[in-house]
Amino acid sequence: MSTPAIPQGLEEFRSVFAEHTRQCGCTLSSAKLQAILAGDVSGTIVHPSFTYIAQLLGCLLWQVQRHIFVFPHTEFEQLNLLWAALEDADPVTEIQIRYLLAIYFLLKKQMEDGEEQLSTAVRVALRHRLAFPVGPDDFDPLSLQEPTPAQVELISTLSHLMYLDRCSALVFRVPERLDHTYDEGFKTIAILYPYIAKTNVVYLRARSLLLLIATRAAVREWHELAAGAHGGVFAPGRPAWFERYWALLEEVSAHAAAVETEALKATFYGDRAHGVALKFSLVVALASKAELHWLVHRDHPESMQRALDVVMEVVGITRGFKDNDFILLDPLLGVCWSMIAKIVVHVAHRPSLAAGMSWNAALTTIDASAKKLGYEMPFMEEPLKVISDVLRIVEVADASRQPQ
């Protein structure tokens with residue numbers, strides 16, 4: 001293996017950051033990105049803190065990607081410059097810098113520092129009463145609104161802040177900090193700015209997560225009804241639940257289709273980082289879709305088959321992730337893979353369903369990917385245990401079907 005060339009300046013670090021801005025939750029105008037790439041700290045086009053965070057986070061990502069850590073002084077220097085510059089940042093800029101710092105500290109395994117940055121970002125949003133942009137009083141839903149670059153940046157910033165807040169609650173089991181007025185504002189974007197809602201990866205990722213949370217709530221309601229009712233799928237309380245179920249399944253399916261189209265476009269045009277971020281969002285959406293189909297598998301063979309088809313879609317996407325992709329993926333992926341693994345374990349014990357499918361091989365793909373993500377990210381212990389336990393069960397089931 002050849003030794004990577006060591007950058008002599010900061011340009012390469014800024015380029016690494018620019019490549020991953022959307023993955024990190026930022027949708028910046030082309031003018032701001034060009035200013036960052038040029039190393040501009042004048043504050044004329046972009047706040048200096050963006051250039052410093054680009055150099056800091058880009059430096060760390062460059063090292064993590066190559067598994068060589070030779071720039072501690074550069075990181076120290078850029079972090080000090082960043083702290084000084086951040087003092088006069090506007091609220092939208094500060095929120096983005098804070099959650100970019102949270103990513104930096106997460107990759108450094110400095111969890112308390114990362115948590116403090118995320119908490120500060122939330123406090124800034126609440127203190128300044130930032131909200132998703134709303135339409136005029138005479139808004140015509142048939143006329144397409146064209147958001148300004150500042151509105152796009154605000155939508156992206158609040159979408160990612162919501163994503164991080166809800167994701168922390170789900171994965172780390174901490175209380176949500178943002179109230180549900182943000183959820184309502186988030187939903188209005190699809191009406192006011194449909195193009196952003198269908199194409200902006202930061203918005204799409206947040207929507208994938210919110211639909212996953214809604215799916216888990218539907219699952220809990222289903223099990224509560226099952227525990228306290230008699231009469232199968234048409235027991236009292238089920239009709240109202242099914243009305244919500246079909247609406248949610250339709251919403252999840254439409255969302256997954258939209259994300260898949262965007263992912264195909266990104267990969268077709270060679271934008272790998274963007275494609276990886278979209279594939280991550282797609283896995284989250286497909287985990288919801290598989291779970292919803294699987295919920296009624298005992299009463300509806302077609303739903304069961306759709307669940308298994310979606311499981312294989314997730315396996316196919318997972319197989320396509322490269323080693324360096326895991327750096328900026330997310331512990332949420334472990335939750336989604338665990339959901340998929342729990343479906344597979346049921347199938348493995350039913351020869352009629354397992355026929356012609358190597359569920360062991362499928363699960364091995366997920367297990368290997370989960371271990372790679374666990375190497376890069378903390379808080380993967382529980383998903384890794386679930387997946388490895390399921391893999392052992394499936395291996396036994398596969399072995400029992402082999403001809404003696």
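In case you missed it, the structure is sitting above this.
Rules and cut-offs
- Residues numbered from 1 in each chain as written.
- Predicted model: local features only at pLDDT ≥ 70, side-chain atom pairs only at ≥ 80, totals over all residues.
- Heavy atoms only, no water.
- Helix = DSSP H or I, 4+ residues; strand = E, 2+ residues; numbered from the N terminus.
- Contact = heavy atoms within 4.5 Å.
- Salt bridge = Lys/Arg side-chain N within 4 Å of Asp/Glu carboxyl O.
- Buried < 20%, exposed > 50% of the residue type's maximum accessible area, 1.4 Å probe, protein only.
- Core = buried A, V, L, I, M, F, W, Y, C linked by side-chain atoms within 4.5 Å.
- Expected span 1.5 Å × (residues − 1).
- Phe/Tyr/Trp six-rings, centres within 6.5 Å; stacked < 30°, edge-to-face > 60°.

Caption draft 1: Layout of the overall build of the protein chain. A count of helices and strands for the protein chain gives 17 helices and zero strands. For the protein chain, the proportion of contacts with a sequence separation of at least 24, taken over those separated by at least 6, is 72%.

Caption draft 2: Inspection of the side chain of Asp165 at higher detail. Inspection of the secondary structure puts Asp165 in helix α7 (residues 149-171). For Asp165, the contacting residues outside a window of four places in its chain are Glu176, Arg177 and Leu178.

Caption draft 3: View of the pattern of salt bridges. Under the criterion given, the structure shown has 17 salt bridges. The partner of Arg244 in a salt bridge is Glu221, with the nearest N and O atoms 2.8 Å apart. Taken together, the positions of Arg244 in helix α11 (residues 238-268) and Glu221 in helix α10 (residues 201-228) put the pair 23 residues apart, joining distant regions of the chain. Given a relative accessible area of 46%, Arg244 falls into the partly exposed group. The salt bridge partner of Arg306 is Asp309, with a shortest N-O separation of 3.3 Å. Of this pair, Arg306 and Asp309 both sit in helix α13 (residues 301-319), three residues apart, which is roughly one turn of the helix. Since its relative accessible area comes to 30%, Arg306 is described here as partly exposed. Under the relative-accessibility criterion, Asp309 is labelled partly exposed at 32%. A network of salt bridges, in which partner residues are shared, links Glu115, Asp165, Arg166, Glu176, Arg177 and Asp183.

Caption draft 4: Expanded view of the nonpolar core. Ile53, Leu57, Leu100, Leu332 and Trp337 are the most contacted members of the largest nonpolar core, which has 117 residues in total. In terms of residue count, helix α12 (residues 272-295) provides more of this core than any other element does, twelve residues in total. Non-local contacts of Ile53, meaning those with residues more than four positions away in its chain, are made with Phe17, Gly58, Leu82, Ile97, Leu100 and Leu101. Among the nonpolar cores identified, the runner-up in size contains 13 residues, and Ala218, Val219, Leu295 and Val296 belong to it.

Caption draft 5: Region of interest: helix α8 (residues 181-192). With twelve residues, α8 extends 17 Å between its outermost C-alpha atoms, agreeing within 8% with the 16 Å of an ideal straight helix rising 1.5 Å per residue. Every buried residue of α8 is accounted for by Tyr182, Asp183, Gly185, Phe186, Ile189 and Leu192.

Caption draft 6: Quick peek at the packing of aromatic side chains. Under the defined criterion, the tally for this structure stands at 14 aromatic pairs. For the ring pair Phe242 and Tyr245, a centre distance of 5.8 Å and an interplane angle of 80 degrees mean the geometry is edge-to-face. Here Phe242 and its partner Tyr245 are both found in helix α11, three residues apart, which amounts to about one turn of the helix. We note that Phe242, like Tyr245, is buried.

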